[in-house]
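Observations on the model geometry
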Amino acid sequence: MNGHSEPVLSRVETCAIEKSPLAPLYLPEEQLPVITVSNFPALGQLIAMRFIEWVQQNPGGVISLPTGKTPEHFIKWVQKLLRTWETPETRTLVEQNGIDPGMKPNMRSLHFVQIDEFYPIQPAQKNSFHHYVKKYYIDQMGLDPAKALLMNCREIGLSRRETLESVWPELTVDLSLRTRQAATSLERLQQDVLCRIDDWCQMREDQIRSLGGLGFFLGGIGPDGHIGFNIRGSDHFSTTRLMATNYETQAAAAGDLGGMEVSRKRLVITIGLGTITYNADCAAIIIAAGEAKAGVVADAIQGPTSIRIPASSLRSLPNARFYITLGAAKQLRRRQVDLLTLAPEVSDQQVARAIIDLSLEHRKPLLELTEPEGLADPMLHEVLKQRQEPFGELVQMVRNQLVKNIEHGSHTCEQTRFLHTEPHHDDLMLGYLPYIVRNMRNATNDHHFVTLTSGFTAVTNNFMLKQLQGLKRWLPSAEFAELNAEHYFDSDNEQGRNRDIWQYLDGIAAKNNDMQAEGAARRLLRNLMEAFDESDLDSIRDRMTELEHYFASVYPGRKDSSAIQRLKGMCREWEAETLWGYFGWQSSHIRHLRLGFYTGDIFVPEPTVTRDVQPVLDLMDEVRPDVISCALDPEASGPDTHYKVMQAISEATNRYVEEHDRNDVRIWGYRNVWFRFHPSEANVYVPVSLNMLSVMESAFLNTFVSQREASFPSYAHDGPFCELAQQIQVDQYHILKTCLGRAWFAEHPSAIIRGARGFVYLREMTSDEFSLTARSLRKAAEDL
């Protein structure tokens, strides 16, 4: 960073560092200054304070602010500070954070530059960044629209007679037209428009530079490290341009755009890395929250200056910073050593993490590690300094714990009642299906499955069109008329619901597509009747025509009406019921709570006791579980839904345990494709055989049909989630194989362990331990 000098901090930053246990820069490893805070809302507050400070000092300055969920708390804090500026509480708060309360920031004096936009996209669409910045920045922060340089795709490169639809009828842009000859009149038009778009981008770059460049830039960091839409491999001197993106960026955008089918085709317009760094005095701040961002954050701060690391371009700016949560700092080595030094004691878990990491780094079994290797590792060196046990004894302790965890995961329960909970309908399957199945084999156990949200955001409009087309084939049939006459499709006909499932599963077993299609059509008809409160088949036909028009015409990613959301969610519920039907469980053991906080909005409300906790508690009162499972993702590292569901389950569990005096209840915390346990964080390792991996793939592809095409995939894998889940479980096996050695597995007396080719990691907790865990995660995600 700028000659590797110590950073000159603003007053706000100085106040933040005084509250932090960590320094702003650890030379020579770190190349950019970093300010860490404890939780996501605190991050938003810090950014807001620094922004207000900058605006006070730079009236008429040029700002560029991000879109998406990351700036949620920043936006809320800025709005709150501006709205309550004259109150004593706010004046005291800003003064405590290094800001002059006597000078309210002049927001209308600022020039605003939109960072990026999808192309082509209608600016009026609520999933466009143009709509986002107008709503949250121009309107709600009181900026002057006349001083805003926005990206309106209806105006960029188009003449008055042209529209996005007339130029790009398939909404697909072929960038090869920049270099090849046009073959048709439409291609000649498109080629001309592309040239005009490129001219516009150059003009926009000139406009920004004529203002002196950006004075304040705030951005998130993408899964590939992208800044704006400057993806991995972007030139550090790049300017504003129209460009294609990579898979990781497309996967991250799929939720905004309505699926990978759309995001794969979309290009983007983005300001360049050179645009951001043009003004040498630019305060360029990158924000990141959660352990899932720890890898890209570490690369940006500790890695080489390279086009593979877009954020490394910011090292030329003296005022460039990373503002991150402690979770996002997990792979910043010197900071983790400092935090360990400040800890009152080093726990067994911290010992295990350091020793396991050393084993994996050297690719050696634990018992082959040497003390000099341990002392050479900064983290383990600090561990050994604080623990009294000799190195060899600590290594043996960790090895014994790994073996104990595997043995725990190799055994099953008996006479146990399970309540398996999941935020979304495939979370259980992708999390720990092998352990569920193994515990099903003991007939004394009873299993109940509950999905807590509707999951409608994972269902595309194209999928719904295909389902409606399938029903159209069966609706006029004599079979359906007969079933309807006998009230088969009544909403309270549980036997009918089970028969839907059996019909579908019989088709899978017989490899008969017609049988499967009939089962799916039966359930869709039942869902339509329930969702729209209609039982007459003629009315259903009219409704289907209306729905077909809707799904074919509405832009992907648009927020649906509550009835459409419900119908999409019911498609996901059907999929979950067919999955558990695979193993013989009927609908009486499968519940769908559809908690109210799940709205489909970009900023989702927090769970409430009456709306979200009470339904979970009512189910616990009914089921009386001995084991309750819960998706256990750390702060900001899985879907936001996972965290909110965990808080609802935690509160319901506390009340259930207290009301029924059930301190013996066990909690199984699991993770799946969004985030992984480090082996030191889990205490149950479940062996997974090749047979079980095959069952998982087959069951997923046959039951979660809406997810088969991976419309909303993980950025870590281009394919259906079952493939990523298998990859994770196999990776976890190889971690244990490295730590314990090949011979330990190959020569083990248990066929279950010898046959393992994957592992599921779980954390088993008492109810008190779960409550403490949930509270610690809540502290990391909320400002308590």
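First things first, this report covers the structure right here in the doc. (Residues numbered from 1 in each chain as written. Predicted model: local features only at pLDDT ≥ 70, side-chain atom pairs only at ≥ 80, totals over all residues. Heavy atoms only, no water.)

Some thoughts on the sheet that holds strand 6 (residues 216-219)
Read across the open sheet, the 7 strands follow the order 1-10-9-6-2-3-5; overall the sheet is parallel. Looking at strand neighbours, the two that pair on one side only are strand 1 (34-37) and strand 5 (148-149), the edges of this open sheet. When strand 9 (residues 283-288) meets strand 10 (residues 321-325), the two strands line up parallel, connected through 4 bridges. Counterpart to A288 in the pairing with strand 10 is I324. (Pairing = 2+ DSSP bridges. Helix = DSSP H or I, 4+ residues; strand = E, 2+ residues; numbered from the N terminus.)

Overview of helix 11 (residues 294-302)
An α-helical turn contains 3.6 residues, so any two residues separated by three or four positions project in the same direction. Of all the 9 residues making up helix 11, 7 are buried; the element is thus mostly covered by neighbouring parts of the structure. A294, V296, V297, A298, A300, I301 and Q302 are the residues of helix 11 that are buried. Those residues of helix 11 hidden inside the fold are in contact with strand 1, strand 9, strand 10 and helix 12 (333-342). (Buried < 20%, exposed > 50% of the residue type's maximum accessible area, 1.4 Å probe, protein only. Contact = heavy atoms within 4.5 Å.)

Some points on the nonpolar core
Generally speaking, soluble globular proteins have nonpolar side chains that are buried together. Ranked by internal contacts, the top residues of the largest apolar core, which has 63 residues, are I355, I406, I649, F745 and F759. Ranked by residues supplied to this core, first place goes to helix 25 (residues 640-660) with 8 residues. In this structure I355 touches L366, L369, L380, L394, V395 and V398, once residues within four positions along its chain are discounted. The next biggest cluster of nonpolar side chains, apart from the first, holds 61 residues, and it includes L267, C282, I301 and I309. (Core = buried A, V, L, I, M, F, W, Y, C linked by side-chain atoms within 4.5 Å.)

Quick look at the pairing of strand 4 (residues 116-119)
Here strand 4 shows no split at all, with D116 and F118 on one side and E117 and Y119 on the other all buried. Two elements, strand 4 and strand 8 (residues 267-270), share 4 bridges in a ladder whose sense is antiparallel. Following the sheet pairing, E117 is matched in strand 8 by I269.

As for empty space enclosed by the protein
Going through the model one piece at a time under the given rule, you end up with 4 cavities of 30 Å³ or more. Taken as a whole, the largest cavity encloses approximately 100 Å³ of empty space. If you trace the largest cavity, you find 14 residues lining it, with G431, R671, N672, I728 and Q732 closest to the centre. Elements represented by at least two residues in the lining of the largest cavity include exactly helix 17 (427-440), helix 27 (721-740) and strand 17 (756-766). Counting residues per element, the lining of the largest cavity draws most heavily on helix 27, which supplies 4 residues. Residue composition of the lining of the largest cavity, grouped by class: 8 nonpolar, 4 polar and 2 charged. Considering only enclosed or pocket space, the second largest cavity measures out at about 50 Å³ in volume. Lining of the second largest cavity is provided by F118, F229, T245, T249, Q250, A253, L257, S263, R266 and V268. (1 Å grid on protein atoms, 1.4 Å probe; cavity = no way out; pocket = protein on both sides within 12 Å on 5 of 7 lines; lining within 4 Å. Points joined across faces, edges and corners; volume = space filled by probe spheres on them. Nonpolar A, V, L, I, M, F, W, Y, C, P; charged D, E, K, R; others polar.)

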